[in-house]
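Summary of structural features
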Amino acid sequence: MHAPVIAGAEAWEAAGEGVRAAVGVIVVHGFTGSPISTRPMGERLHADGYTVSVPRLPGHGTSAKDMGRTRYADWLAEVERQLDMMSGRCDQVVLVGLSMGGTLSLDVGSRRDVAGVVSINAQILDREGLLVKLAPVLQHLTPMVPAKLAGLTEDDIAKPGVSEHAYATVPTKSGYSMARALPRIRAQIAEMSAPVLVAWSPQDHSVPPSNSKALLELIGSPDVRQLVLEQSYHVATLDLDQQLLEDTVSAFIAEVTGV
């Protein structure tokens, strides 16, 4: 029995209008998060005419217990499914991802035919700390750990009064499944050919900025751009640079797709 979906965490999609309707954009949320953090970006891009999907990854937006039944392979499969569906509807597709959503977008975008990828504060390097070193054993000893112990700051947002309503606990097996995927993804993105926009926050308390700095060097694409979000923390899609981020992402999509 799964928990009900948190209000506002539902998946969302909308068909575009005009010439931009032939461009599909998939906006993917992060680890323990939900479309609460990504729907505003999706709505903005839809307002600009694009066909947009804001999926809810398996086990997310309900309860940490539900998430504990899922692994990185399940989340990756959902992004692949979204791309298959969008490719059937649109001529070109761009992937946009926040945090782990950025990691997933880079993973898929380095193997599949996409017009571009936007990575926002994505995890790409191996996480540090004692808990990470103990993860191979810990996953068999306890099903959950507090998010803070996993290095995640609750509502890592500079803008006052804003919450993404992410889980307060992290399923250990789920988290370890992502950690195991990172070396493969790092190797894979060296062969990436699609244009990439790397947006990152110098004041990120959940995913160290060193991840995005490394990403700029690891991506093999000849077209790699960056946007520094000086005023925002980790959940930049809801933070003080939201307008700047949305404007830059929309302009990037228009440029790489030609519409």
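Small disclaimer: the values here were computed from a predicted structure and weren't measured.

Structural notes on the overall build of the chain
Along its length, the chain carries eight helices and nine strands. For the chain, the C-alpha radius of gyration of 17 Å lies close to 18 Å, the compact-globule estimate for 259 residues. For the chain, the C-alpha atoms occupy an extent of roughly 55 × 40 × 35 Å along the three principal directions. Of all 259 residues assigned to the chain, the portion counted as buried reaches 54%. By element, 55% of the accessible surface of the chain is carried by carbon and sulfur atoms, the whole surface being about 10800 Å². For the chain, the separation between the mean place of its 21 positive charges and that of its 29 negative charges on side chains is 8 Å.

Notes on the pairing of strand 2 (residues 23-28)
Of all six residues in strand 2, six are buried, a share of seventy percent or more. Taking every second residue as pointing to the same face, both faces of strand 2 are buried, with Val23, Val25 and Val27 on one and Gly24, Ile26 and Val28 on the other. Note that strand 2 and strand 3 (residues 51-54) share three bridges and pair parallel. Following the sheet pairing, Val25 is matched in strand 3 by Val52.

A word on empty space enclosed by the protein
Where empty space is left becomes clear once a probe the size of a water molecule has been rolled over the atoms. Across all of its chains, the model carries one cavity of 30 Å³ or more by this definition. Its volume calculated, the largest cavity comes out at about 30 Å³. Lining the largest cavity are Glu13, Ser53, Gln82, Met85, Met86 and Arg89. The dominant element in the lining of the largest cavity, judged by the number of residues it contributes, is helix 3 (residues 72-89), at four residues.

Focus: the packing of helix 3 against helix 6 (residues 172-188)
Direction vectors running N to C along helix 3 and helix 6 enclose 65°, while the axes themselves pass 8 Å from each other. Taking contact as the criterion, the partners of Tyr72, Trp75 and Leu76 in helix 3 are, on helix 6, Ser174, Ser177, Met178, Ala181, Arg184 and Ile185. Residue composition of the contact of helix 3 with helix 6, by class: six nonpolar, two polar and one charged.

What about the packing of aromatic side chains?
The final tally for this structure, using the stated rule, is two aromatic pairs. An angle of 75° between the planes, with centres 5.9 Å apart, marks the rings of Phe31 and Trp75 as edge-to-face. Taken together, the residues span a long stretch of sequence, with Phe31 in the loop between strand 2 and helix 1 (39-47) and Trp75 in helix 3 at a distance of 44 residues. Like Trp75, Phe31 is buried. Judged by centre distance (6.3 Å) and plane angle (80°), the ring pair of Tyr72 and Trp75 falls under edge-to-face. In this pair, Tyr72 and Trp75 are both assigned in helix 3, three residues apart and thus about one turn of the helix distant. Trp75 carries the same exposure label as Tyr72, and that label is buried. Clustering of aromatic rings is evident, with ring pairs tying together Phe31, Tyr72 and Trp75.

Conventions used here
- Residues numbered from 1 in each chain as written.
- Predicted model: local features only at pLDDT ≥ 70, side-chain atom pairs only at ≥ 80, totals over all residues.
- Heavy atoms only, no water.
- Helix = DSSP H or I, 4+ residues; strand = E, 2+ residues; numbered from the N terminus.
- Rg over C-alpha atoms; globule rule 2.2 N^0.38 Å.
- Buried < 20%, exposed > 50% of the residue type's maximum accessible area, 1.4 Å probe, protein only.
- Areas by Shrake-Rupley, 256 points an atom, 1.4 Å probe, with all protein chains shown as cover.
- Lys, Arg positive; Asp, Glu negative; His and termini not counted.
- Charge placed at Lys NZ, Arg CZ, Asp CG, Glu CD.
- Pairing = 2+ DSSP bridges.
- 1 Å grid on protein atoms, 1.4 Å probe; cavity = no way out; pocket = protein on both sides within 12 Å on 5 of 7 lines; lining within 4 Å.
- Points joined across faces, edges and corners; volume = space filled by probe spheres on them.
- Axes fitted to C-alpha atoms, helices over the stretch in contact; angles between N-to-C directions.
- Contact = heavy atoms within 4.5 Å.
- Nonpolar A, V, L, I, M, F, W, Y, C, P; charged D, E, K, R; others polar.
- Phe/Tyr/Trp six-rings, centres within 6.5 Å; stacked < 30°, edge-to-face > 60°.

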